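Residue-level structural notes
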Amino acid sequence: MEPHATQQRPRLLVLGCGFAGFSLLRRLRLQAWDTTLLTPRNYFLFTPLLPSAVAGSVELRSILEPARRRLRHVRVIEGSAVSVDWSAREVTCRGAVGGEVFTLPWDHLVIAVGNTFADFGIPGVAEHTRKLYTVEEAQAIRRGLLEQLARAEVPGLTADQLRQRLTFVVIGGGPTGVEAAAEIHDLLEEELTQAYPELVPYAKVVLIEAQDRLLSGFDEALGTYTRRHFGREGIDVRTGAKVASIEPNAVQLAGGERIDCGLILWAAGNAPVPLIQTLGARCDGRGRLLADAFLRLPEHEEVFACGDCAAVGEPPLPATAQVAQQQGAYLAKALDDRRRGRTVAPFRFRAQGMLAYIGSGQALADLPLIKWSGRGAWFFWRSVYITKLVSPANKAKVLFDWIKAHLFGRDLSRF
Ligand SMILES: Cc1cc2nc3c(=O)[nH]c(=O)nc-3n(C[C@H](O)[C@H](O)[C@H](O)COP(=O)(O)OP(=O)(O)OC[C@H]3O[C@@H](n4cnc5c(N)ncnc54)[C@H](O)[C@@H]3O)c2cc1C
């Protein structure tokens, strides 16, 4: 049967091709639905390996799944939702490439648009820091790192100038900040010693966290272990340090200290994407859409929210890939159960634990029954990520990237 041939099938419109939207569409019984995916990019991005892509231990293309190839029988439209007309049941959209404005109708709408960075009103964050949510941002950080190495090679620089260019500041001691700091440190450690040995004494990674500990979502002992490990590795960790403002090449701390640096990565918190504020729907204190135990918006029976943009449960579940993926999988079944008039069970999150890479071949595994750190946890981290990657092609590519980086080093070409 032609996938979009019949008018009988309910029209399902999914906004966003992240962990939640992609997981939903991979599991949905597509024959029963007239399904459209609206996504600004034509791929699914496996974000847990984005910090590794910044440092060049995996290639960006190895962690992207082309949406049209992986989601056959889904109409994929490249664009962003701009607003929703609840009574007409239409979403106004803007084309990703040409910026054309168009509308898409729906009978059931799934909002899975993720989130973006929060600047907490701190001056300079939006303008002068790099963020790490997208492929383009990962490329820009990687280029920024390599540019600083190139700028540090210019003859005649003073020691202070060298130190400034080769200081890399990561703000935010959650998993993304910790992994980014670890990966950047690995890159400097492994590659500078070979390619730029004279610069090694000037290079430094600084990790700034406002709370008193790193990785507050993890078991406390693992946070303490990470701090000690970073100390041994020469990563300068500042906990209990609040950022007052950011300048083009400097971080001003509330305590008065100023850190001159070559690159600043902001990984300190999430905020809703602009679409959410236009919806007029009820949100929690962090601006996430309030959804009930069936992931429905209370005001709109046929509208669902899942992943990072939704607040589900009390306290709300954390914004993680695991939650988003399980919610997407749940919705695939729940939508079908509703369509068939079956009883729909509420969503239940099954925590499988958390993993984080902390550099120099070590990782953390905070699992329900065991807390684990070090080399063994790193092997575990790698094997879990290989299994979590979606396609056999990407599993093979990532494995190959790791072997290649181990045998031949990372590619430091700047382009
Ligand atoms: C660098 C990094 C590392 C991470 N590491 C981990 C990890 O190790 N483990 C873990 O559990 N979690 C991790 N996370 C968090 C995890 O990526 C998120 O929790 C997860 O991606 C949430 O899935 P989602 O589908 O809600 O949103 P996303 O995956 O962010 O997807 C949202 C999608 O919506 C699209 N979109 C945005 N606005 C619109 C619009 N207006 N219209 C249409 N589409 C729109 C976006 O382009 C995006 O494709 C990491 C996040 C980052 C950034």
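Residues numbered from 1 in each chain as written. Predicted model: local features only at pLDDT ≥ 70, side-chain atom pairs only at ≥ 80, totals over all residues. Heavy atoms only, no water.

**Things to note about the sheet that holds strand 1 (residues 11–15)**
In sheet architecture, strand pairing relies on hydrogen bonds along the backbone and comes in two forms, parallel and antiparallel. Using the following cut-off: Here, a strand pair is defined by DSSP locating no fewer than two bridges between the strands. Helix and strand assignments follow DSSP, with helices taken as H or I runs no shorter than four residues and strands as E runs no shorter than two, numbered in order from the N terminus. In what follows, residue pairs with any heavy atoms lying within 4.5 Å of each other are defined as contacts. Angles shown run from 0 to 180 degrees and are taken between the N-to-C directions of axes, each axis being a line fitted to C-alpha atoms and, for helices, limited to the stretch in contact.
Here 8 strands make up an open sheet; going across it, the order is 7-6-5-2-1-8-20-19 and the pairing mixed. One side of each edge strand has no neighbouring strand; the edge strands of this open sheet are strand 7 (101–105) and strand 19 (296–297). Against the sheet, helix 1 (residues 19–27) touches strand 1, strand 2 (34–39) and strand 8 (108–111), its axis set at about 150° to strand 1.

**Considering the sheet that holds strand 13 (residues 243–247)**
Here 3 strands make up an open sheet; going across it, the order is 13-14-15 and the pairing antiparallel. At either end of the open sheet lies a strand with only one pairing partner, and these are strand 13 and strand 15 (258–260). Pairwise comparison of adjacent strand axes, ignoring direction, gives a mean angle of 15° for this sheet. Looking at chain direction, strand 14 (residues 250–253) and strand 15 are connected through 3 bridges and run antiparallel. Across the sheet, the residue bridging to Val251 is Ile259, located in strand 15.

**A closer look at a positive patch on the surface**
The condition is simple: Only residues whose relative accessible area exceeds 30% and that form no salt bridge are eligible for patches; like-charged ones are grouped when within 9 Å, while nonpolar side chains (Val, Leu, Ile, Met, Phe, Trp, Tyr) are grouped when within 5 Å. Accessible areas in this description were obtained via Shrake-Rupley with a 1.4 Å probe; residue shielding takes into account the shown protein chains only. Basic side-chain nitrogens of Lys or Arg form a salt bridge, by our definition, when they fall within 4 Å of a carboxyl oxygen of Asp or Glu. Charge assignment: positive for Lys and Arg, negative for Asp and Glu; neither His nor the chain ends contribute. Charged groups are reduced to one reference atom each: NZ for lysine, CZ for arginine, CG for aspartic acid, CD for glutamic acid. Between buried and exposed lies partly exposed: a residue is buried under 20% and exposed over 50% of the maximum accessible area for its type, with that area taken using a 1.4 Å probe on protein chains only.
A cluster of basic residues, Arg61, Arg69, Arg72 and Lys397, forms a positive patch at the surface. In this structure, Arg72 sits in the loop between helix 3 (67–70) and strand 5 (75–85). For Arg72, a relative accessible area of 56% translates into the label exposed.

**Here we look at helix 11 (residues 375–388)**
As a reminder of what qualifies: One less than the residue count of a helix, multiplied by 1.5 Å, gives the span that helix is expected to have.
Over its 14 residues, helix 11 runs 20 Å from end to end, which matches the ideal 20 Å to within 8%, given 1.5 Å per residue. Within helix 11 the residues assigned to the buried category are Ala377, Trp378, Trp381, Val384, Tyr385 and Ile386. The inward-facing, buried residues of helix 11 abut helix 2 (50–55), helix 7 (175–195), strand 22 (354–359), strand 23 (362–366), strand 24 (371–374) and helix 12 (392–408).

**So, a nonpolar patch on the surface**
A surface patch of nonpolar side chains, about 450 Å² in accessible area, is lined by Leu399, Ile403, Leu407 and Phe408. Checked against the element boundaries, Leu399 lands in helix 12.

**What to know about the pattern of salt bridges**
Summed over all chains, the structure comprises 23 salt bridges. In this structure, Arg296 and Glu301 form a salt bridge, with 3.7 Å as the shortest nitrogen-oxygen distance. Across the pair Glu302 and Arg338 runs a salt bridge, and its minimum N-O distance is 3.0 Å. Residue Glu302 is located in strand 20 (residues 300–305), and its partner Arg338 is located in helix 10 (residues 321–339); the two are separated by 36 residues in the primary sequence. On the basis of relative accessibility, which here comes to 25%, the residue Arg338 falls in the partly exposed class. A single salt-bridge network, built from bridges that share partners, covers Arg29, Asp336, Arg339 and Arg340.

**Digging into the site of the ligand**
Note the threshold: One heavy atom within 4 Å of a molecule or strand makes the whole residue count as near it. Here a polar contact is recorded for every N or O atom pair within 3.5 Å, except that within protein the pair must consist of a potential hydrogen donor and a potential acceptor, and residues adjacent in sequence are included only if both atoms are side-chain atoms. Classes in brief: Ala, Val, Leu, Ile, Met, Phe, Trp, Tyr, Cys and Pro nonpolar; Asp, Glu, Lys and Arg charged; the others, Gly included, polar.
With respect to spatial proximity, 28 residues lie near the ligand, and among them Ala20, Thr47, Ala81, Asp308 and Tyr385 are the closest. Thr47 places a side-chain nitrogen or oxygen 2.4 Å from an oxygen atom of the ligand. Residue Ala319 places a main-chain N or O atom 3.3 Å away from an oxygen atom belonging to the ligand. In the complex, 86% of the free accessible area of the ligand, which totals 990 Å², lies under the protein chains. Secondary structure elements with two or more residues in the shell around the ligand: helix 1, helix 2, strand 5 and helix 10. Class assignment for the residues of the shell around the ligand results in 17 nonpolar, 9 polar and 2 charged.

On their own, these measurements won't tell you what the molecule is for.
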